[in-house]
Amino acid sequence: MNSLANKRILLGITGGIAAYKSAELARLLGKAGADVRVVMTPAATQFITPLTLQALTGNRVHTELLDADAEAGMGHIELARWPDLVLIAPASADFLARVAAGQADDLLSTMLLATRAPIALAPAMNQAMWLNVATRDNLQSLAARGMHVFGPAEGEQACGDTGPGRMLEPHQLAEKASALFESGLLAGLRLVITAGPTREAIDPVRYISNHSSGKMGYALAAEAAAAGALVTLISGPVALPAPERVRRVDVVSARQMLDASLAVANDCDIFIGVAAVADYRPANVAEQKIKKHDDTLSLELVRNPDIISTIASLERRPFTVGFAAETEDVDANGAGKLQRKKLDLLFANHATSTFGSDAIAATALWSDGSTSLGPGNKALVARQMLALIHARYLHHVEPAVRT
Ligand code: CTP
């Protein structure tokens, strides 16, 4: 069920005895890596409490259409835009009838009218209700509108009858939900990406830094998350918003970036150093603003730690990818860095052509091969880079897989 990693699932629960199984479903979806939010109809809350679902998903459960508090948080339209999939389990006969009629008389039915996400229904009801022509017609019309119908199963029912109408088991529903998503290239892989410049303080108002907009690292983070990876973005100061579904850790100096990287390095599969780390920092940071007295000012600088080399030298090291922005001899300097820093893969490019710009071309280098990527915008090249990173990563963890 890898393809649920990072997916946003809105679980709708309607009033029926099978609602007790929705708790297990919410747990399984969460376990498979999905972010789950729950919307319950008023009738559903008679069968299972919102608190149970809140505890299992870690998210507030939505029950009311006209709830000023909830609207101040994630309003119903925002909630309708949020998911990658809306899964209604159980879907009662009454709920199916209301959706078929296009009603919007509670939060969940309103969501279904407002959302553009795919919708899956897991009917659950007494066998006579299921077989009733009104229910059959409603289902047919909902399926004709493109909604997916999961189940129901046949068997013993809570009311004592035997026949069709039992909700599928939670694990079956989770598998069917997973099958709706194509497996992302990086599904479930944990990526750490450093991005942006670092700033090394000279005094309270001045610093040394590098040119770096952060665009390349942010593009990689956004594309990796879209491909199903769980991404931590360790970012120096940049003027970019955090990409969706990416955990961003803000840092300022090289040493802070190193600490943040070491804190997550053991729990990551792939580490990508895109940051333009300042190689030196002032030996002493003046406590007060330095006043001008003489015509010249000397600063003593000391070496900063090399973050990516430190990560690549760890005993349990992740697959480590570096970047090299060079102003001359791009390929030769890149190859030297690949070896010196013990990297698995390195993307080398011409420094001046990339700063702040949206277009990029790069040479990818690894121990026994190379290829060129781009030119293209950073999102496109980021996708090419991730495809290559994934191929080389597979080669690294499963040497038998020839790529
Ligand atoms: N890097 C790092 N820590 C540093 C310096 C660089 O992790 N203190 C990483 C960068 O994020 C990048 C790679 O090392 O992935 C190459 O960065 P670059 O600045 O080109 O390398 P330097 O080691 O600084 O080499 P140079 O002597 O050319 O400045």
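The model shown is predicted, which means the values in this text are computed figures rather than measured ones. (Residues numbered from 1 in each chain as written. Predicted model: local features only at pLDDT ≥ 70, side-chain atom pairs only at ≥ 80, totals over all residues. Heavy atoms only, no water.)

Explanation requested: the nonpolar core in the structure shown.
As a rule of thumb, soluble globular proteins bury nonpolar side chains together. Formed by 37 residues in total, the largest nonpolar core has its most connected members in Leu191, Leu220, Ile272 and Phe347. Discounting chain neighbours no more than four positions away, the residues touching Leu191 are Leu186, Ala224, Ala229, Leu230, Val231, Thr232, Ile270, Ile272 and Leu386. In this structure, Leu28, Leu85, Ala122 and Leu168 belong to the second largest nonpolar core, which totals 33 residues. (Core = buried A, V, L, I, M, F, W, Y, C linked by side-chain atoms within 4.5 Å. Buried < 20%, exposed > 50% of the residue type's maximum accessible area, 1.4 Å probe, protein only. Contact = heavy atoms within 4.5 Å.)

Would you explain the site of the ligand in this entry?
Contacts to the ligand come from 14 residues, most closely from Gly273, Ala275, Ile308, Lys337 and Lys341. Lys337 is positioned such that a nitrogen or oxygen atom in its side chain is 2.6 Å from an oxygen atom of the ligand. About the coverage of the ligand: the protein hides 77% of its 570 Å² of free accessible area. Elements with a contribution of two residues or more to the shell around the ligand: α12 (307–312) and β16 (319–326). Examining the composition of the shell around the ligand, we find that 4 residues originate from one element, β16, more than from any other. (Near = heavy atom within 4 Å. Polar contact = N/O pair within 3.5 Å; in protein donor to acceptor, adjacent residues only side chain to side chain. Areas by Shrake-Rupley, 256 points an atom, 1.4 Å probe, with all protein chains shown as cover. Helix = DSSP H or I, 4+ residues; strand = E, 2+ residues; numbered from the N terminus.)

When you look at the side chain of Ser253 in this model, what are you seeing that I'm missing?
Relative to the helices and strands, Ser253 is located in the loop between β12 (246–250) and α11 (254–265). Sequence-distant contacts of Ser253, defined by excluding residues within four places in its chain, comprise Thr198, Arg199 and Glu200.

Whenever I open this one, a nonpolar patch on the surface confuses me. Can you help?
A contiguous nonpolar surface patch, about 380 Å² in accessible area, is contributed by Tyr280, Leu297, Leu299 and Leu301. Its place among the elements puts Leu299 in the loop between β14 (280–282) and β15 (301–303). (Patch = residues over 30% accessible without salt bridge, like charges linked within 9 Å, V, L, I, M, F, W, Y side chains within 5 Å. Salt bridge = Lys/Arg side-chain N within 4 Å of Asp/Glu carboxyl O.)

I'm lost on unusual backbone geometry in this one. Help?
Leave glycine aside and you will find that most residues have negative phi; peptide bonds, for their part, are mostly trans. With an omega dihedral of 0°, the bond running from Ala89 to Pro90 counts as a cis peptide bond. Note on placement: Pro90 falls in strand β3 (residues 85–91). Residues Gly151 and Pro152 are joined by a peptide bond in cis, for which omega reads 5°. If you trace the backbone, Pro152 turns up in the loop between β5 (148–149) and β6 (153–156).

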